[in-house]
Amino acid sequence: MNSRTISKSSFVRGTKCPKSLYLHFFQPEEQDEISEGQQSIFDTGHNVGFLAQQLFPGGIDASRGDHSLVHEAIAYTAELIGNGQTVIYEAAFSDGETLCYMDILVKETDGWAAYEVKASTQVKDYQVNDVAFQYFVITRSGLPLKRVSLVHVNNQYIRHGDLDIRKLFTIESMTERILPMQNNIPVDLLSLQEMLKAGLMPDIPMGSQCNNPFPCDFLEFCQQSCPAEEDESEGRPASRNQDELDQFLDELEYPLYFMDFETIQFAVPQYNESRPYQQIPFQYSLHLQQTKSGPLTHFLFLGTPPTDPRPEFIQSLLLHLGSSGSIIVWNQTFENTRLREIARDFPEYSSMIEPLFDRVADLMVPFRRKHLYTPDMNGSYSLKAVLPALVPDLSYSNLEIQEGGSAGLTYESLYNDADPESIATKRENLLKYCELDTLSMVRILERF
Ligand code: SF4
């Protein structure tokens, strides 16, 4: 191995965009900082990988938990294979030019089988490329593989009691798909190696590869040197269709309930009657206005980890929503779907949830249809774009939490937080954020 040895992640990076691989090797200081959301995705991947090891119990971790000790891991993998170990986790291989780790390696009755674990709920094309490269490296390193498979999360699994690892994961054979790809790998590899040897940054414009299938970690560097083209909607002039806005107002029925939910997703379901990546509502904010321009009353709920928040959430919500009056939300698909899921998972509430749907009015629609638009909205109809354009005195910018993803991550962090002061601060931040979401809707409606 040498400093230009191509690892699996380098290969995938380089085939997606050679410039990204160049920057990774020669200008790593330009790499974007890892965001809270990306770190959470990495952590999820790690946790899911660890859990999937239980599908093949009794293995030994060849990396000893540290992927930076590559030479040691390769030697240990060879030693374990030589000693007759039949299940190896994080097995490492290199042929000098290439390098990879394989999540799980199993000696089955007819030979070695390799299993790569992904936290996604379906096989994606770039994951097939991952596995094709791993097969290439492992077999070139001298270990014949009978088969190679992807292990991914089964989003149809519903937890009842203890976690059922066999049902949580789906194993899909990739052997047929990756064998025909083997001839192309040396060609791609050679071109990446030549690019690195030449040491010149490839001249590649920004394009779909920058965000697909995941955001590149040199976005800021490339955006500085070649800014994205201006969104054509940004130049759109202001518009106001008062008839349509009046019609929206006419269809509302007092009292008005301005409602917003926050949710959290777990790759591995934490609660009975929940599925992988299901959005679990843990918080709502509700502003009640009895009469036009009348005073506001605020109701809220915030769950307490690790308890399943859903039963208390829906009990509290149903109590405050009453039996009549419009329920105003921003993007009704989101709130309606969460309510339908609660009705499905907790059927005892379904008869009380069902009548709510006829009362829901989606405040996002007039903005999506551009019945009210200003250039300050920058072509967007998200609440975060509409609010500063119409109600500049109300802002998220002073809040610790400024968007829903961050709210979910803050709530998730409460699961492992034992510091009462830190817990109190986080809860306060969550309450302020969600309350502003519904207050924003009150103030935006006033602009109609
Ligand atoms: S931002 Fe786009 S062009 Fe720049 S290195 Fe990444 S993928 Fe390549």
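What counts and how
- Going along each chain's sequence as written, the residues are numbered from 1 onward.
- A pLDDT threshold of at least 70 governs which residues receive local features in this predicted model, and a stricter bar of 80 or more applies before side-chain atom pairs are shown or counted, although totals over entire chains, interfaces and linings include all residues.
- The basis for the side-chain values is all heavy atoms of the structure; hydrogens and waters are excluded.
- Burial classes: relative accessible area under 20% of the type maximum marks a residue as buried, over 50% as exposed, and values in between as partly exposed (1.4 Å probe, protein chains only).
- Each helix is a run of H or I in the DSSP string that is no shorter than four residues. Each strand is a run of E no shorter than two, and both are numbered from the N terminus.
- Note on contacts: a residue pair is in contact if any heavy atoms of the two residues lie within 4.5 Å.
- A cutoff of 4 Å decides nearness: a residue is near a molecule or strand if any of its heavy atoms lies inside that distance of it.
- With a 1 Å grid spanning the protein atoms alone, the term cavity applies to any set of points in which a 1.4 Å probe fits but cannot get out, the term pocket to an open set with protein on both sides within 12 Å along at least five of seven lines, and the term lining residue to any residue with an atom within 4 Å of a point.
- The way we define it, a molecule is inside a pocket or cavity when more than half of its atoms are within 2 Å of that pocket's grid points.
- Gly falls in the polar group here, along with every residue not listed as nonpolar (Ala, Val, Leu, Ile, Met, Phe, Trp, Tyr, Cys, Pro) or charged (Asp, Glu, Lys, Arg).
- Per residue, pLDDT measures the predictor's confidence, with a range of 0 to 100.
- Two strands make a pair as long as DSSP finds a minimum of two bridges between them.
- Here an axis means a line fitted to C-alpha atoms, over the contact stretch when the element is a helix, while the angle between two N-to-C directions is reported on a 0 to 180 degree scale.
- For patch detection, residues must exceed 30% relative accessible area and be free of salt bridges, and they are connected within 9 Å for like charges or within 5 Å for nonpolar side chains (Val, Leu, Ile, Met, Phe, Trp, Tyr).
- Surface accessibility in these figures is a Shrake-Rupley result with a 1.4 Å probe; residues are shielded only by whichever protein chains are displayed.
- One speaks of a salt bridge when a side-chain nitrogen belonging to Lys or Arg is within 4 Å of a carboxyl oxygen belonging to Asp or Glu.
- These domain boundaries are the output of an automatic or database domain assignment.
- Simply put, the buried area is the total loss of 1.4 Å probe accessible area from both parts when two parts are fitted together.
- Here a polar contact is recorded for every N or O atom pair within 3.5 Å, except that within protein the pair must consist of a potential hydrogen donor and a potential acceptor, and residues adjacent in sequence are included only if both atoms are side-chain atoms.
- Here a pair means two rings of Phe, Tyr or Trp (six-membered ring of Trp) with centres within 6.5 Å. Their orientation is stacked below 30 degrees between planes, edge-to-face above 60, and tilted elsewhere.
- Whether a charge lies above a ring is judged from NZ of Lys or CZ of Arg, which has to be within 6 Å of the ring centre and within 35 degrees of the ring normal.

## Topic: helix α1 (residues 8–16)
Turning to step 1, where the next piece is worked out: The complete set of buried residues in α1 reads K8, S10, F11, V12, R13 and G14.
Turning to step 2, where the next piece is worked out: For α1, the secondary structure elements touched by its buried residues are β1 (6–7), α2 (18–26), β4 (98–108), β5 (111–117), α5 (125–140) and α8 (184–198).

## Focus on the site of the ligand
Turning to step 1, where the next piece is worked out: In the neighbourhood of the ligand, the contacting residues comprise C17, S20, Q209, C210, C216, F218, L219 and C222.
Turning to step 2, where the next piece is worked out: Given that more than half its atoms are within 2 Å of the pocket grid, the ligand belongs to the largest cavity.
Turning to step 3, where the next piece is worked out: Partitioned by chemical class, the residues of the shell around the ligand number 6 nonpolar, 2 polar and no charged.

## Describing the confidence of the model for the protein
Turning to step 1, where the next piece is worked out: For the protein, per-residue confidence averages 92 on the pLDDT scale, and 97% of positions sit at 70 or higher.
Turning to step 2, where the next piece is worked out: Here residues 229–233 scores under 50 on pLDDT; set against residues more than four positions off or in separate chains, the count is 3 contacts.

## Digging into the sheet that holds strand β12 (residues 327–329)
Turning to step 1, where the next piece is worked out: Overall, mixed pairing links the 5 strands, which are arranged β11-β10-β9-β12-β13 in an open sheet. Edge positions in the open sheet fall to β11 (296–302) and β13 (360–362), since each of these has one partner strand only. On average, adjacent strands in this sheet sit at an angle of 25 degrees to one another, irrespective of strand direction.
Turning to step 2, where the next piece is worked out: As paired elements, β12 and β13 share 3 bridges and run parallel to each other. Counterpart to I328 in the pairing with β13 is A361.
Turning to step 3, where the next piece is worked out: Across the sheet, helix α12 (residues 332–345) is in contact with β9 (256–265), β10 (279–289), β12 and β13; its angle to β9 comes to roughly 70 degrees.

## Observations regarding the environment of Y76
Turning to step 1, where the next piece is worked out: Inspection of the secondary structure assignment puts Y76 in helix α4 (residues 70–82).
Turning to step 2, where the next piece is worked out: Sequence separation between Y76 and A91 is 15 residues, and the spatial gap between their C-alpha atoms is 8.4 Å.
Turning to step 3, where the next piece is worked out: In contact with Y76, other than residues within four places in its own chain, are I60, D61, A62 and R64.

## Overview of the environment of A92
Turning to step 1, where the next piece is worked out: Along the chain, A92 falls in strand β3 (residues 87–94).
Turning to step 2, where the next piece is worked out: Given the relative accessible area of 2%, A92 is considered buried.
Turning to step 3, where the next piece is worked out: Placed 30 residues apart in sequence, A92 and A62 show a C-alpha to C-alpha distance of 7.1 Å.

## Details of a nonpolar patch on the surface
Turning to step 1, where the next piece is worked out: On the surface, I34, I41 and F42 cluster together to form a nonpolar patch covering roughly 330 Å² of accessible area.
Turning to step 2, where the next piece is worked out: Here F42 shows up in helix α3 (residues 36–52).
Turning to step 3, where the next piece is worked out: Using a relative accessible area of 48% as the deciding quantity, one classes F42 as partly exposed.

## Regarding the pairing of β11
Turning to step 1, where the next piece is worked out: The pairing of β10 with β11 spans 7 bridges and is classified as antiparallel. Bridge assignment links L286 to a residue of β11, and that residue is F299.
Turning to step 2, where the next piece is worked out: Taking the residues between adjacent antiparallel strands as the criterion, β10 and β11 are bridged by 6 residues, where S293 takes a positive phi near 60 degrees.

## Regarding the domain arrangement of the protein
Turning to step 1, where the next piece is worked out: Per the domain assignment, the segments of the protein are domain 1 (6–202 + 212–225) and domain 2 (239–446).
Turning to step 2, where the next piece is worked out: Each of domain 1 and domain 2 has a C-alpha centre, and the two are 39 Å apart.
Turning to step 3, where the next piece is worked out: Counting from both sides, the interface comprises 19 residues of domain 1 and, opposite them, 14 residues of domain 2.
Turning to step 4, where the next piece is worked out: When the two sides are added together, the surface that domain 1 and domain 2 hide from each other amounts to roughly 1,200 Å², 59% of it contributed by carbon and sulfur.
Turning to step 5, where the next piece is worked out: Sorting the residues of domain 1 by area buried against domain 2 places E36, I158 and R159 first, and these three jointly supply 37% of that buried surface.
Turning to step 6, where the next piece is worked out: The interface formed by domain 1 and domain 2 includes 0 salt bridges.
Turning to step 7, where the next piece is worked out: Along the contact surface separating domain 1 from domain 2 lie 6 residue pairs in polar contact (both at pLDDT 80 or more).
Turning to step 8, where the next piece is worked out: Broken down by element, the residue count for the side of domain 1 that touches domain 2 peaks at 6 residues, all from α3.

## Some thoughts on the packing of aromatic side chains
Turning to step 1, where the next piece is worked out: Counted under the stated rule, the structure contains 17 aromatic pairs.
Turning to step 2, where the next piece is worked out: With a centroid separation of 5.8 Å and 55 degrees between ring planes, the pair formed by Y396 and Y433 is classed as tilted. Here Y433 lies in helix α17 (residues 420–446) and Y396 lies in the loop between α15 (383–390) and α16 (404–413), a separation of 37 residues in the sequence. The exposure classification of Y396 matches that of Y433, with both residues buried.
Turning to step 3, where the next piece is worked out: The positively charged end of R64 is found above the aromatic ring belonging to Y76, 3.8 Å away from the centroid.
Turning to step 4, where the next piece is worked out: Sitting above the plane of the F334 ring, R338 keeps its charged end 4.8 Å from the centroid.

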